[in-house]
Amino acid sequence: MDRVSAFDEPLKKLLGGATAKVMAEHLGLHTVGDLLHHYPRRYEERGRLTALTDLPLDEHVTVVAQVADARVMAFNSGRGKRLEVTLTDGHGRLQLVFFGHGVHKPHKDLLPGRRAMFAGKVSVFNRKMQLAHPTYQLLDAESTDEAGATEAVDAFAGRLLPIYPACKQLDSWRIAKAVDAVLPSAQEAVDPLPPALREGRGFTALPEALLKIHRPQTKADVAAARDRLKWDEAFVLQVALARRRYADTQLPAVARRPVPGGLLDAFDATLPFTLTDGQLKVSKEIFDDLATEHPMHRLLQGEVGSGKTMVALRAMLTTVDAGGQAAMLAPTEVLAQQHHRSITEMMGELAQGGMLGGSERGTKVVLLTGSMGMAARRQALLDLVTGEAGIVIGTHALIEDKVKFHELGLVVVDEQHRFGVEQRDALRSKGKQPPHLLVMTATPIPRTVAMTVFGDLETSVLDQLPAGRSPIASHVVPAKDKPHFLSRAWERVREEAENGHQAYVVCPRIGDDEDEAARKKGKKAAEDEADKRPPLAVLDIAEQLAKGPLTGLRVEVLHGRMHPDDKDDVMRRFAAGQVDVLVATTVIEVGVNVPNATAMVIMDADRFGVSQLHQLRGRVGRGSAPGLCLLVSEAHEASPARARLSAVASTLDGFELSRIDLEERREGDVLGQAQSGVRSSLRVLSVIDDEEVIAAAREEAVTVVAADPDLEHLPELRLVLDALLDKEREEYLDKG
């Protein structure tokens, strides 16, 4: 077998069709290599050998003893059978018990005088220590000489039993058996680490690491194997990303340099405030990138309200000055409309301009969404293709084939985690040459995730809030334990309204019949008793509030299934102060900017993730009055859900919360659907815990790729990379 084909061998050949089919369908394992990279989740210890006189209760032990006697007892009027075996090790006695159909084999095996090893959990019955249904291994006649018996004892008692990620159709022990069948192929493993790197860091050879992770003798074996395999994953991924970044530097792009006396200068002159140091620093990084002749790929992350839109707008104006068009892609119509409104307001008469090219002081800013009327849509498309519009803000509608640009120079993607990479790529492909790309997110991303998921983007962080932003006080309201706290919450909302301010009330679902199926499908895993009732709904809560604690206030609803015109109407009236309380779903989570809104009540707060709660909270305290966020929950005080809410209430630091969020959810949905290729390639590397490994692997990868971009001198690494980057992952990295 040559070095590649050993790992590429279909499992069907080695394991038979039925097992291979289950592995493919339920575990995504198709080849020998897939199975060898299906690592144990944990290891059971059979326990150290323990004297019968000092067995610890409720622990898994292994004992070596002799059968003193064994008898089958009838119970339940003779309908049930129980095998009771008494063991002795010369010091003490121990009872074993087997029930039902499980009595036949041990009754044949465990004859008085027989010596064996037994492993099981110690319990107490009738004030006697016992093992119920233990596993056992007879120390047979051939190994009764002392040395043989000792060896068998050590092998059995000392062994770590691998427990594999399994499925209903395939138990862990059957997976272990299948692994035994393919383990010899581990010798054929192609080692991706350059020899100098492997030796310099003192890593175990790859075949040995695979052997140790599946069949460790000791815990040290497991640790050594995991260290090695983590490095492989981190390094191969970072090399892929480093090559992607390198390839991007080879692409041509039109440099977009600021034009003195152009649109940007005119805009800056009208600003009623000064930009923060953070905004100036990040703007400089972006302007430097725009001035190069290869495409910018930059991630701009900043807390809610840190002024990302202002930074993005200045980049768009620079692009227009330099003869290009800028497109901003938003995940929802509400957000696209909001951006369009705020950008045209910020620009004032500069948004009423004429042609491109920076000669006139002004350009057209158009909106393009799926629900626009035909006439408005036709006009917008015309403005884009002629270049009349320098800036377009839109939803997925921007990606459609019909949309043509005069000269697309910059793409700004807002809330990137909501878009698949295909969508980003489709928009980027509309430029004559690859346009510059700026990706924005208000979800703080821990450094490790930024280095893996967004590893092909340079990162800028805005961590300073603009002057005039107010602090937000957050409190947990335990609605079940202390109902009077909830009454007080509604009083606080009323007080805010009476002082001329406004409030949001957020609920997990809409509450019409249609969303019942969606709710069941996306229901959060039951965490505590609160999950036994359906999540609270916008339509129900709005009605209860209007008739009850908030009678007399102007209460309106906003949710994703309203007609776009109705949504826009409600948002406009809320922004204009004509609505006191907006009861909404998470459609208000991103980008909605109403400085007069000071209070937010989140119902069933335990049903939202940490980052989502932080995002929602960022909708208040956007003006000069202090913000208030109340997290209402029926979760039990000692539950993980309440601990999560307390964490959110205790800090406004989004990066701190994103770490908590990541630890809680593990990598899965933080990495998001667009990053599926990366996620499925990480088996032992944890994006949460292995920051040092990821950072070191990134450094090594940059060095390797700078010296040898095509990896001509590292054929093994190239081979492993090609195997990792199957079609889906190759596409992910290409589109990143």
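Refer to the structure presented above.
So, here's what we can say about the structure. (Residues numbered from 1 in each chain as written. Predicted model: local features only at pLDDT ≥ 70, side-chain atom pairs only at ≥ 80, totals over all residues. Heavy atoms only, no water.)

### Here we look at the packing of aromatic side chains
Phase 1 of the analysis: A complete count under the given rule lists 6 aromatic pairs for this structure.
Phase 2 of the analysis: Taking 5.8 Å as the distance between ring centres and 50° as the angle between the ring planes, the aromatic pair formed by F203 and W231 counts as tilted. Linking F203 in the loop between α8 (195–200) and α9 (206–214) with W231 in helix α10 (residues 219–250), this pair joins segments that are 28 residues apart in sequence. There is no split in this pair, since F203 and W231 are both buried. (Phe/Tyr/Trp six-rings, centres within 6.5 Å; stacked < 30°, edge-to-face > 60°. Helix = DSSP H or I, 4+ residues; strand = E, 2+ residues; numbered from the N terminus. Buried < 20%, exposed > 50% of the residue type's maximum accessible area, 1.4 Å probe, protein only.)

### Describing the sheet that holds strand β16 (residues 472–478)
Phase 1 of the analysis: Pairing within the open sheet is parallel, and its 6 strands lie in the order β16-β21-β20-β17-β19-β18. Strands with a single pairing partner mark the edges of an open sheet, and in this sheet they are β16 and β18 (555–558). Averaged over all pairs of adjacent strands, the angle between strand axes in this sheet comes to 20°, irrespective of strand direction. (Pairing = 2+ DSSP bridges. Axes fitted to C-alpha atoms, helices over the stretch in contact; angles between N-to-C directions.)

### Quick word on the packing of helix α11 (residues 263–270) against helix α13 (residues 308–321)
The packing of two helices is summarised by the inter-axis angle and the distance between the axes.
Phase 1 of the analysis: Where α11 contacts α13, the two axes come as close as 8 Å, and the packing angle between them is 145°. Along the contact surface, α11 presents L263, L264, F267 and D268, while α13 presents M310, L313, R314, L317, T318, V320 and D321.
Phase 2 of the analysis: For the contact of α11 with α13, the residue count by class is 7 nonpolar, 1 polar and 3 charged. (Contact = heavy atoms within 4.5 Å. Nonpolar A, V, L, I, M, F, W, Y, C, P; charged D, E, K, R; others polar.)

### Topic: α11
Phase 1 of the analysis: All buried positions along α11 are accounted for by L263, L264, A266 and F267. Relative to the axis of α11, the buried residues are bounded by an arc of 165° and lie together on one face.
Phase 2 of the analysis: Considering only its buried residues, α11 is in contact with α12 (277–290), α13 and α14 (333–347). (Arc of directions from axis to C-beta.)

### Here we look at the environment of G409
Phase 1 of the analysis: One can find G409 in strand β13 (residues 408–414).
Phase 2 of the analysis: You can call G409 buried: its relative accessible area is 2%.
Phase 3 of the analysis: Apart from residues lying up to four places away in sequence, G409 is in contact with R256, T319, Q325, P435 and H436.

### Brief notes about the side chain of S460
Phase 1 of the analysis: Within the secondary structure, S460 sits in strand β15 (residues 458–462).
Phase 2 of the analysis: Residues contacting S460, with those up to four places away along its chain left out, are V282, E285, R298, L299, L300 and Q301.

### Section: the environment of I694
Phase 1 of the analysis: The topology assignment puts I694 in helix α27 (residues 691–707).
Phase 2 of the analysis: I694 sits in the buried class, given a relative accessible area of 1%.
Phase 3 of the analysis: Separated by 243 residues in sequence, I694 and M451 have C-alpha atoms that sit 7.4 Å apart.

### Describing the nonpolar core
A general tendency of soluble globular proteins is for nonpolar side chains to be buried together.
Phase 1 of the analysis: M316, M347, I391, L410 and L438 are the most contacted members of the largest nonpolar core, which totals 38 residues.
Phase 2 of the analysis: No other element matches the 8 residues that α13 contributes to this core.
Phase 3 of the analysis: Not counting chain neighbours up to four residues away, the residues in contact with I391 comprise L313, M316, L317, V320, A326, M347, K364, V365 and V366.
Phase 4 of the analysis: Counting residues in each nonpolar core, the second largest holds 34 residues, with L29, L35, Y39 and L170 among its members. (Core = buried A, V, L, I, M, F, W, Y, C linked by side-chain atoms within 4.5 Å.)

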